[in-house]
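# Structure at a glance
So you can see what is in the structure, the chains are spelled out below.
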Amino acid sequence: MADWRFGAGIWMFCQFVDRYATDAYGPPATTLDAIASAGEVEGLEVLDINYPFGDGIGVSDVREALARHNLSAQAITPHIYMREFARGAFTNPDPALRKRALDRCREGIEVARELGAKYVKFWPGQDGYDYPLQADYGWLWEQSVGAVRELANSAPDMQFAIEYKLKEPRTHMFFCNAATTILAIQDMGVDNVGVVLDVGHSLFAKETPAEALRLAHRFDRLASVEINDNWREWDDDLAAGSIHLVETLEVMLTLREIGWSEPLLLDQFPFRENPVAAARESIRTIRQLDALVDRIDREALADARRRQDALAAQRLVLDLLLT
């Protein structure tokens, strides 16, 4: 069994809002409250933290809270997908707003340095389009690629990571799947930008997450792995392995095969569940699936793969799960 380390997006321990319950699920929670809740999860060591932190909360406050709860910052994710960037961050038609997005990212880079975070994550959820004929696709490419290139070149000491997603909040997001994101990064011509492989986003994009992992690894662009689940029609951000158990097992097998050793992060939105309990259950499930990886007959699996014998490969796993 691998000695996995675990982390989570800090938003997992915050208040949730949807377009129906606009008064939010759960009590209000500041960044410091969320850090305290994360500290209650046994096995959780690192956090992906949104920036800005909120009114009156500074870097020193966050640093002290992390230390108090035996946590550390794994990533800083700048808020470049909020309402102010409704028409885009890197691709906003207003040059002043594009500059504001870049400035916020630059601030996030400094915060990441101060907190010792491993990478700065970009999730430009408002970059893209909603209707046919709305966008100049070439211009979207140039602005998205150019903005991340500029930021990466400005901080060669920092690792950056792009989290792709098919849609939401835009109906079509620019960084929409693994292949497009890797191509865009290759076009940047930089070495310090990689991909966040979010298992739920990969499922949502109708990818096979283990295959997307292999693709990112092949091009040496895998920067982080986030684990959750969904029904493949929306980014439900459910507990790990709750729907696609076998595919999540294949992810754990693939992580072993590529020698991945960085923390596995939980990206969940437990609207109606207790966040601490949801995190505990996901960590438990991931560990159980990883233990199953040790029991798979690897030689038999390799033989089944060589022959592309689907039933034999499936049986190796189903026998472990069902007997």
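Now for a look at the structure at hand. (Residues numbered from 1 in each chain as written. Predicted model: local features only at pLDDT ≥ 70, side-chain atom pairs only at ≥ 80, totals over all residues. Heavy atoms only, no water.)

With that settled, the discussion passes to the overall build of the protein chain. Scanning the protein chain from N- to C-terminus turns up 11 helices and 10 strands. Radius of gyration (C-alpha) of the protein chain: 20 Å, near the 20 Å computed for a compact globule of 323 residues. Seen along its three principal axes, the alpha-carbon backbone of the protein chain occupies a region of about 60 × 45 × 40 Å. For the protein chain, the residues scored as buried account for 51% of the 323 residues in total. Taking all contacts inside the protein chain whose residues are at least 6 apart in sequence as the whole, residues at least 24 apart take part in 77%. Roughly 15,100 Å² of accessible area belongs to the protein chain as shown, and the carbon and sulfur atoms make up 50% of that amount. Where the 34 positive side-chain charges of the protein chain centre and where its 51 negative ones centre are 2 Å apart. (Helix = DSSP H or I, 4+ residues; strand = E, 2+ residues; numbered from the N terminus. Rg over C-alpha atoms; globule rule 2.2 N^0.38 Å. Buried < 20%, exposed > 50% of the residue type's maximum accessible area, 1.4 Å probe, protein only. Contact = heavy atoms within 4.5 Å. Areas by Shrake-Rupley, 256 points an atom, 1.4 Å probe, with all protein chains shown as cover. Lys, Arg positive; Asp, Glu negative; His and termini not counted. Charge placed at Lys NZ, Arg CZ, Asp CG, Glu CD.)

To continue, consider the packing of helix H8 (residues 245-257) against helix H9 (residues 275-295). Relative to each other, H8 and H9 sit at 65°, their axes nearing to 9 Å. Classified by the interaxial angle, the pair formed by H8 and H9 is roughly perpendicular. In this structure, H8 meets H9 at a crossing whose hand is right-handed. Contact with H8, carried on its side by Leu245, Thr248, Leu249, Met252, Leu253 and Arg256, involves Ile286, Leu289, Asp290, Leu292, Val293 and Asp294 of H9 and no other residues of that element. Split into classes, the residues belonging to the contact of H8 with H9 amount to 8 nonpolar, 1 polar and 3 charged. (Axes fitted to C-alpha atoms, helices over the stretch in contact; angles between N-to-C directions. Parallel < 35°, antiparallel > 145°, perpendicular 65-115°, else oblique. Left-handed = near helix turned anticlockwise from the far one by under 90°. Nonpolar A, V, L, I, M, F, W, Y, C, P; charged D, E, K, R; others polar.)

A separate point is the side chain of aspartate 127. Structurally, the position occupied by aspartate 127 is in the loop between strand E4 (119-122) and strand E5 (128-129). Polar contacts involving the side chain of aspartate 127 include one to the main-chain amide nitrogen of alanine 89, which spans 2.5 Å. At a separation of 3.1 Å, a polar atom in the side chain of aspartate 127 contacts the side chain of threonine 91. Setting aside anything within four residues of it in sequence, one finds aspartate 127 in contact with Gly88, Ala89, Phe90, Thr91, Arg170, His172, Met173 and Phe174. (Polar contact = N/O pair within 3.5 Å; in protein donor to acceptor, adjacent residues only side chain to side chain.)

Here the structure, examined in full by the defined rule, presents 25 salt bridges. For arginine 113, the salt bridge goes to aspartate 157, with nearest N and O atoms at 2.7 Å. Of the two residues, arginine 113 is situated in helix H3 (residues 95-115) and aspartate 157 in the loop between helix H4 (137-154) and strand E6 (159-163); the sequence distance between them amounts to 44 residues. Look at aspartate 157 and you get exposed, because its relative accessible area is 54%. With a shortest N-O distance of 3.0 Å, arginine 170 and aspartate 130 are connected by a salt bridge. Pair noted here: arginine 170 is in the loop between E6 and strand E7 (172-173) and aspartate 130 is in the loop between E5 and H4, with a separation of 40 residues, a long-range link. Residue class for arginine 170 comes out buried when judged on its relative accessible area of 6%. Its relative accessible area of 27% is what places aspartate 130 among the partly exposed residues. Connected via shared salt-bridge partners are Asp48, Lys121, Glu163 and Glu226. (Salt bridge = Lys/Arg side-chain N within 4 Å of Asp/Glu carboxyl O.)

So, about the environment of leucine 292. Mapped onto the fold, leucine 292 is located in helix H9. When the C-alpha atoms of leucine 292 and alanine 239 are compared, they prove to be 18 Å apart, with 53 residues separating the residues in sequence. With residues up to four places along the chain from it excluded, the contact list for leucine 292 reads Leu249, Leu320 and Leu321.

Residues of helix H7 (residues 209-218) that are buried include every one of Pro209, Ala210, Ala212, Leu213 and Ala216, and no others. Taken around the axis of H7, the buried residues stretch over an arc of 160°, which confines them to a single face. Seen from the buried face of H7, the exposed residues on the opposite side, beyond 90 degrees, are Glu211 and Arg218. In this structure, the buried residues of H7 make contact with helix H5 (178-188), strand E8 (193-198), helix H6 (199-204), strand E9 (222-227) and H8. Looking one or two residues beyond H7, the residue adopting positive phi is aspartate 220, at roughly 55°. (Arc of directions from axis to C-beta.)

Before going further, it helps to examine the packing of helix H1 (residues 31-38) against helix H2 (residues 59-68). With their axes 9 Å apart at the nearest point, H1 and H2 run at an angle of 15° to one another. Viewed along their axes, H1 and H2 adopt a mutual orientation that is roughly parallel. You can see that H1 and H2 cross each other, and the crossing is right-handed. Residues Thr31, Leu32 and Ile35 of H1 form the contact with H2, whose participating residues are Asp61, Val62, Ala65 and Leu66.

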